[in-house]
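Listed below are the residues making up each chain.
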Amino acid sequence: MNTTLIQTTTAFFEKAFGSTPEKLVLSPGRINIIGEHIDYNDGYVLPAAIDKVICFAFEKNNTTKSRIIAIDLNEEFEVDLTKEILLSDVVWTNYILGVIKQLQGNGFLFEGFNCVFSSNIPIGSGLSSSAALECGMIFGIKELFDLTIEKKDIAILGQKAEHWVGINCGIMDQFSSVHGLENKVIKLDCNTLEFEYHNADFQDYSVVLFDSNVKHSLFTSEYNTRRNECEEGLSIIKKHFPEIKSFRDCSEDQLLSIKDEMTTTIFKRIHYVIKEISRVIKACEALDKGNIKLLGQLLFETHEGLSKEYEVSCNELDMLVDTAKEDNSIIGSRMMGGGFGGCTINFIKKGHENDVKNKFSFHYLNTFGINLKFYDIKISNGTQLNTTKN
Ligand code: GAF
């Protein structure tokens with residue numbers, strides 16, 4: 001499927017710059033099995049890179065300026081690398097400017113380059129197209145100018161670029177985009193950045209994403225608010241239990257014993273976080289043991305928490321998960337990613353995928369007047385050079 005994308009990107013590059021690209025980079029989006037809004041709360045997450053990617057074509061241009069073309073948007077921009085990098089009014093360019101700023105600020109030396117990119121990661125669907133953009137750009141610049149940057153640091157630089165753009169995100173998206181491995185999920189400790197791969201063997205179930213096709217504008221402001229609420233909650237916990245360093249050290253009983261010391265909102269947020277951290281551990285064990293039924297049950301519980309306690313869901317996502325609960329072919333479902341729209345992740349009994357899709361399409365269109373989209377995904381490798389010949 002990515003062959004066409006690679007060919008289009010290469011052909012566009014050749015036409016725009018009159019030369020063959022020196023480097024072709026593929027940078028994937030991600031799914032997350034479980035552990036939502038947990039990365040910035042220093043817990044564990046269970047993401048994986050997917051076979052939807054951004055393809056980049058690069059060459060050095062022996063100047064101090066870089067010219068970057070987004071094929072899908074039919075837009076381009078130029079940046080003078082000798083001048084201070086400032087935010088622009090065009091959102092997509094800021095992720096790239098942010099990456100350049102981070103690389104320069106961390107002492108990495110590089111000169112002008114030409115770049116063309118195109119993507120098959122749906123934008124605004126919670127599959128982390130922005131992390132793929134950041135990590136692919138860093139990886140491409142590193143390859144082009146022979147920079148030594150470890151994978152972990154690519155992820156951290158990408159995350160910092162995203163902060164500069166305005167979302168105070170955690171590390172999960174960039175980390176999984178860079179570290180993805182075919183057929184493996186990544187159990188990442190977001191506190192230490194230690195990680196281990198687990199087999200993505202979902203037995204008799206397929207992973208299908210249902211794209212609600214909505215993106216409510218609350219996302220950025222509410223995301224940053226959740227982070228602040230969690231920080232406030234943690235500082236209250238620490239006051240009462242000085243031995244606690246992060247949420248993973250706090251039991252539900254400890255939290256309940258100080259419930260009256262915080263607002264109902266803060267309590268709900270933290271209660272979700274503490275329960276979700278323990279769910280990730282259980283989910284990973286269930287996956288290793290092939291207990292997909294339990295894994296699915298945990299996904300439903302996560303959704304309940306995200307909807308009622310963390311309050312980052314929306315009517316469209318709730319309806320999709322409620323309908324999934326009533327469907328015998330679906331063993332687990334939940335909203336995925338930051339929330340307020342985007343996708344649900346679903347485990348569907350193999351062979352029943354088409355029936356389920358037809359039923360959900362009809363029901364969703366009838367209820368919201370919106371077309372539901374579906375993505376059958378494969379768990380794939382992280383950001384890499386394209387080595388296949390056209
Ligand atoms: C977004 C963020 F970018 C991630 O860091 C993560 O917090 C996620 O929302 C929620 O789990 O994708």
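Computed from a prediction, not measured in an experiment: that's the story for all the values here. Numbering of residues starts from 1 in each chain and follows the order in which that chain's sequence is written. The predicted origin of the model limits local features to residues at a pLDDT of at least 70 and limits the giving and counting of side-chain atom pairs to 80 or more, whereas totals for whole chains, interfaces and linings rest on all residues.

Caption draft 1: Fine view of the nonpolar core. As used here, a nonpolar core is made of buried Ala, Val, Leu, Ile, Met, Phe, Trp, Tyr and Cys residues. They are joined through C-beta atoms within 7 Å. Partly exposed residues are those falling between the two cut-offs: more than 12 but fewer than 20 other C-beta atoms within 10 Å of their own, whereas 20 or more means buried and 12 or fewer means exposed, with C-beta atoms placed from the backbone. Counting residues in each nonpolar core, the largest one holds 105 residues, and the members touching the most others are V99, I138, V280 and A283. Note that contacts rest on C-beta atoms placed from the backbone: two residues are in contact if these are within 7 Å. Among all residues touching V99, those that are not within four sequence positions of it are E134, M137, I138, L157, G158 and A161.

Caption draft 2: The arrangement of the environment of L299 in detail. With respect to the helices, strands and loops of the structure, L299 is situated in helix α9 (residues 292–308). With 27 C-beta atoms packed within 10 Å, L299 lands in the buried category. Along the backbone, L299 and E276 are 23 residues apart, and their C-alpha atoms lie at a distance of 9.9 Å. Setting aside chain neighbours within four positions, we find L299 in contact with I34, G332, S333 and R334. For the purposes of this entry, the term helix denotes a DSSP run of H or I that reaches at least four residues, the term strand denotes a run of E that reaches at least two, and both are numbered from the N terminus.

Caption draft 3: Local environment of the sheet that holds strand β12 (residues 373–376). In short, DSSP must find at least two bridges between two strands for them to pair. Taken in spatial order, the 4 strands of this open sheet run β10-β11-β9-β12, and their pairing is antiparallel. Strand pairing shows two members of the sheet lacking a second neighbour, β10 (330–335) and β12, which therefore form its edges. Each neighbouring strand pair of the sheet contributes to a mean axis angle of 25°, computed without reference to strand direction. In the sheet, strand β9 (residues 205–215) pairs with β12 via 4 bridges, with the strands oriented antiparallel. Bridge pairing links F210 to F374 in β12. Lines fitted to C-alpha atoms define the axes here, with helix axes fitted over just the stretch in contact, and angles between the N-to-C directions of these axes take values from 0 to 180 degrees. Across the sheet, helix α10 (residues 315–325) lies against β9, β10 and β11 (341–349), angled at about 170° from β10, the strand it touches most. Strands β9, β10, β11 and β12 of the sheet are contacted by helix α11 (residues 353–368), whose axis makes an angle of about 20° with β9.

Caption draft 4: View of the site of the ligand. For each residue, a C-beta position is placed from the backbone atoms; the residue is near a molecule or strand when that point lies within 6 Å of it. Taken together, the neighbourhood of the ligand is formed by E36, H37, D39, Y40, S128, C169, G170, M172, D173, G337 and G338. Note on residue categories: nonpolar means Ala, Val, Leu, Ile, Met, Phe, Trp, Tyr, Cys or Pro, charged means Asp, Glu, Lys or Arg, and polar means any other residue, Gly included. Looking at the shell around the ligand residue by residue, the classes come out as 3 nonpolar, 5 polar and 3 charged.

Caption draft 5: Summary view of the pairing of strand β1 (residues 23–32). For β1, the tally of buried residues reaches 9 of 10 residues, placing the bulk of the element in the interior. Where β1 and strand β13 (residues 384–385) come together, 2 bridges link them in antiparallel fashion. Residue V25 lies in a different strand from β13, and its bridge partner there is L385.

Caption draft 6: Spatial organisation of the packing of helix α6 (residues 219–240) against helix α8 (residues 264–289). Their axes nearest at 9 Å, the elements α6 and α8 cross at an angle of 90°. Considering their axes alone, α6 and α8 lie roughly perpendicular with respect to each other. Residues R226, E229, C230, E232 and G233 of α6 lie in contact with α8, whose contacting residues are T265, I266, R269, I270 and V273. Should an angle lie under 35 degrees it is considered roughly parallel, over 145 roughly antiparallel, and from 65 to 115 roughly perpendicular; all remaining angles are considered oblique.

Caption draft 7: How the structure looks around helix α2 (residues 91–105). For α2, built from 15 residues, the straight-helix expectation of 21 Å at 1.5 Å per residue is met to within 8% by its first-to-last C-alpha distance of 21 Å. Counting buried residues along α2, 12 of its 15 residues qualify, which places the element largely inside the surrounding structure. Buried within α2 we find W92, T93, N94, Y95, I96, L97, G98, V99, I100, K101, Q102 and L103. Buried positions along α2 lie against β4 (65–70), β5 (75–80), α3 (129–144) and α4 (151–165). Residue count minus one, scaled by 1.5 Å, sets the expected span of a helix.

Caption draft 8: Highlighting the sheet that holds strand β7 (residues 184–189). Read across the sheet, 3 strands follow the order β2-β7-β8 without closing on themselves; strand pairing throughout is antiparallel. Every interior strand has two partners, whereas the edge strands, β2 (44–45) and β8 (195–199), have only one. Inspection of the sheet shows β2 paired to β7 by 2 bridges, in the antiparallel sense. Within the sheet, the bridge partner assigned to V45 lies in β7 and is L188.

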